[in-house]
Amino acid sequence: MSFINTKAGEIGVKVVYFGPALAGKSTNIRTIHRKTRPALRGRLDEIAGDLEPMLSFDFAPDTLPRIADRYRVRLHLVTVPGPVMSPVSRKLVLKGVDAVVFVADTQEEGGELVRFEDNVESMQQLLTLLDDLGVDSAVMPMVLQYNKRDLVEGPRCDRPSPGIRSRSSCRRWRRSTRR
């Protein structure tokens, strides 16, 4: 849930990068941090993990208009720890989330998605954790990023991959995992 800091004149928005281990969540955060002007960004914090670190930083993009001519938006970007075996850590990171970027690893080999099951499992876990936190995933702002499309042949934009393509797919997964 976003917070308002009246003293600083900011509205804080938490965006969590979620997806399977090694899908590129940390690379996303590092790239955004590196490309954001130093005057607009905070320090990049890194907590070491078993397979990949958890990263976070905040920044206030100057391209967004002020709200009510007073408040600027400050984004707090966070990655979840990579391994799916750490649902407790992932749930803690999701607490208070305002939006999710789901980073799907869409590498193909021989026309098949190499990490399809990992993507599906991670999406199912995301939906379950949001439910556990009392967050309605049907209204949660969510971006689906098809990552690693530059490696070999990624799926075409006009042919979304089954199971990781839309909010309606997310709802179908949620229903199928409850049976």
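Treat the numbers as computed from the prediction; the structure is a model and nothing was measured.

Asks: How do you make sense of the nonpolar core when you look at a structure like this?
Replies: Taken as a class, soluble globular proteins show a tendency for nonpolar side chains to be buried jointly. Counting 16 residues, the largest nonpolar core has Phe18, Leu94, Val97, Val100 and Leu126 as its most contacted members. At the level of secondary structure, the elements contributing two or more residues to this core comprise strand S2 (10-18), helix H2 (87-94), strand S6 (99-105) and helix H3 (116-132). With near-sequence residues (within four places) excluded, Leu126 lies in contact with Phe18, Leu94, Val100, Phe102 and Met142. Listed in part, the 13 residues of the second largest apolar core include Val15, Ala23, Ile29 and Leu75.

Asks: Would you mind showing me how to read the pattern of salt bridges here?
Replies: Opposite charge on two side chains lets them pair, provided their charged atoms get close. Per the counting criterion, the structure on display carries eight salt bridges. Of the charged contacts in the structure, one is a salt bridge between Glu46 and Arg30, with a shortest N-O distance of 3.3 Å. Within this pair, whereas Glu46 is found in strand S3 (residues 45-47), its partner Arg30 is found in helix H1 (residues 25-35), the two being separated by 16 residues in sequence. When its relative accessible area of 33% is taken as the criterion, Arg30 is described as partly exposed. Among the salt bridges present, the one from Arg74 reaches Asp58, with a minimum N-O distance of 3.0 Å. Taken as a pair, Arg74 in strand S5 (residues 72-79) and Asp58 in strand S4 (residues 54-59) lie far apart in primary sequence, 16 residues in all. Salt bridges linked by common partners bring Glu10, Asp58, Arg72 and Arg74 together as one network.

Asks: Explain the side chain of Ser122 to me, please; I cannot follow it from the model alone.
Replies: Structurally, the position occupied by Ser122 is in helix H3. Judged by relative accessible area, which is 0%, Ser122 ranks as buried. Sequence-distant contacts of Ser122, that is, excluding residues within four places in its chain, are made with Phe18, Gly19, Pro20, Arg90 and Phe102.

Asks: Explanation requested: the environment of Gly96 in the structure shown.
Replies: Tracing the sequence through the fold places Gly96 in the loop between H2 and S6. For the pair Gly96 and Ser2, spaced 94 residues apart in the sequence, the C-alpha separation amounts to 7.4 Å. Leave out the neighbours within four places in its chain, and Gly96 touches Met1 and Lys14.

Asks: Would you mind showing me how to read H2 here?
Replies: Every α-helix winds through 3.6 residues per turn, so residues three or four apart in the chain are directed the same way. Listed in full, the buried residues belonging to H2 are Arg90, Val93 and Leu94. The buried residues of H2 all sit within an arc of 100° when viewed along its axis, so they share a single face. Exposed and oriented more than 90 degrees from the buried face of H2 are Val88 and Leu92. On its buried side, H2 packs onto S2, S4, S5, S6 and H3. Just beyond H2, the residue with positive phi is Gly96, at close to 80°.

Asks: What's the story with the environment of Leu133 in this structure? I'm lost.
Replies: Relative to the helices and strands, Leu133 is located in the loop between H3 and strand S9 (142-147). When sequence neighbours within four positions are dropped, the list of residues in contact with Leu133 reads Lys91, Leu94 and Lys95.

Asks: Would you take a moment to explain the packing of aromatic side chains for this structure?
Replies: Each aromatic ring pair is described using two quantities: the centre-to-centre distance and the angle formed by the ring planes. Overall, the coordinates contain zero aromatic pairs when judged by the stated rule. Its guanidinium or amino end placed over the ring of Phe18, Arg90 lies 4.5 Å from that ring's centre, counting from NZ or CZ.

Each value, and the rule that gives it
- Residues numbered from 1 in each chain as written.
- Predicted model: local features only at pLDDT ≥ 70, side-chain atom pairs only at ≥ 80, totals over all residues.
- Heavy atoms only, no water.
- Core = buried A, V, L, I, M, F, W, Y, C linked by side-chain atoms within 4.5 Å.
- Buried < 20%, exposed > 50% of the residue type's maximum accessible area, 1.4 Å probe, protein only.
- Helix = DSSP H or I, 4+ residues; strand = E, 2+ residues; numbered from the N terminus.
- Contact = heavy atoms within 4.5 Å.
- Salt bridge = Lys/Arg side-chain N within 4 Å of Asp/Glu carboxyl O.
- Arc of directions from axis to C-beta.
- Phe/Tyr/Trp six-rings, centres within 6.5 Å; stacked < 30°, edge-to-face > 60°.
- Lys NZ or Arg CZ within 6 Å of the ring centre and 35° of its normal.

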